[in-house]
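Observations on chain architecture
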Amino acid sequence: YVSSFEKTVSNKDKGFDYKKEFLYEVNRGLSVLESVRESLNLGLNTSVAVEKTEENKPKKIFISHSTADAEFAEALVNMLHAIGVQYNEIFCSSVPGCWVEEGQDFIQTIKKHFQDYELYMLYIHSPRFYNSHVCLNEMGAAWIAQSDYSSFLTSDMSYEQMDAVVRNTEIAIKVDTNDANFRLNDWLNRLLRWLNKPAVETNVWEYHRGIFLNTVKNIHYNQKKTSEEQLSEYDKERLKKWVDSGDNTLFQAWYAEGS
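Residues numbered from 1 in each chain as written. Predicted model: local features only at pLDDT ≥ 70, side-chain atom pairs only at ≥ 80, totals over all residues. Heavy atoms only, no water.

**Brief notes about the packing of aromatic side chains**
Counted under the stated rule, the structure contains ten aromatic pairs. Taking 5.2 Å as the distance between ring centres and 75° as the angle between the ring planes, the aromatic pair formed by Y120 and W194 counts as edge-to-face. Of this pair, Y120 sits in strand β3 (residues 118-125) while W194 sits in helix α6 (residues 180-195), and the two are 74 residues apart along the sequence. Here Y120 matches W194 in class, with each residue buried. Judged by centre distance (5.3 Å) and plane angle (65°), the ring pair of F129 and Y130 falls under edge-to-face. Between K60 and the ring centre of Y117, over which it is positioned, the NZ or CZ distance is 4.8 Å. (Phe/Tyr/Trp six-rings, centres within 6.5 Å; stacked < 30°, edge-to-face > 60°. Helix = DSSP H or I, 4+ residues; strand = E, 2+ residues; numbered from the N terminus. Buried < 20%, exposed > 50% of the residue type's maximum accessible area, 1.4 Å probe, protein only. Lys NZ or Arg CZ within 6 Å of the ring centre and 35° of its normal.)

And the structure:
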């Protein structure tokens, strides 16, 4: 596959980023394979006597997120509950009433949800999400199960960073954009149809939608400083002198001193 890709790149069409496309496909495949491996390790491939069929499985909302995004997840649960979704209709590992009960195994609880429920996945995409093997496994397992899903992007997450099973070509709800209200309206209608629940009174929805957006847009994320921000003013001035002089020896001396 890599060899074939390299040959393609050598004759690539202008304006098409083959490298990015290749990375998307590889990451998508790796996420799915990792989920399959995890499922096999958990024994999901063993025969289990289950009377329920896919048609009569109870429905449940599964919020897939990094534990570092617990504040965002809690705001999402609060909005869902405010519009009539009960806590027992939601699985969210960070929120009391929706999380793994005391004495229960976390992995086995997730496994049971994929076995026993028809799930609607709500992904909270963030840089932290893509650093979590558990999150990527959940995404891959849901893809295998062909679960319905919607994607939320934190304020510090860009569409370009969506490079796993769910790709940046799919419409998502970016909470700090001008169209977030309208995207949430579309999402609400779709979710209520899936849950077979009645429409929510407009004023109630708009009120709680506003609380949700205000909360998640004001979450503070610790950003790593760039190399420029880490340089002292003295170092910046010396670096500027080196650039202006074109003298490589000056840079070597500066670098050696810093190390």
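**So, the confidence of the model for the chain**
Mean pLDDT over the chain works out to 80, with 67% of the residues at or above the 70 mark. A low-confidence stretch, residues 45-53 stays under pLDDT 50, and its non-local contacts, those more than four residues away or across chains, total four contacts. In this model residues 254-259 is a low-confidence stretch, pLDDT under 50, and it forms five contacts with partners more than four residues away in sequence or in other chains. (pLDDT = per-residue confidence, 0-100. Contact = heavy atoms within 4.5 Å.)

**Points about the pairing of β3**
Of all the eight residues making up β3, seven are buried; the element is thus mostly covered by neighbouring parts of the structure. Across six bridges, β3 lies against strand β4 (residues 148-153) in parallel orientation. Pairing of M121 across the sheet is with Y149, part of β4. In this fold, the crossover linking β3 to β4 by way of helix α5 (residues 133-145) has right-handed handedness. (Pairing = 2+ DSSP bridges. Right-handed = clockwise from strand over helix to strand, strands pointing away.)

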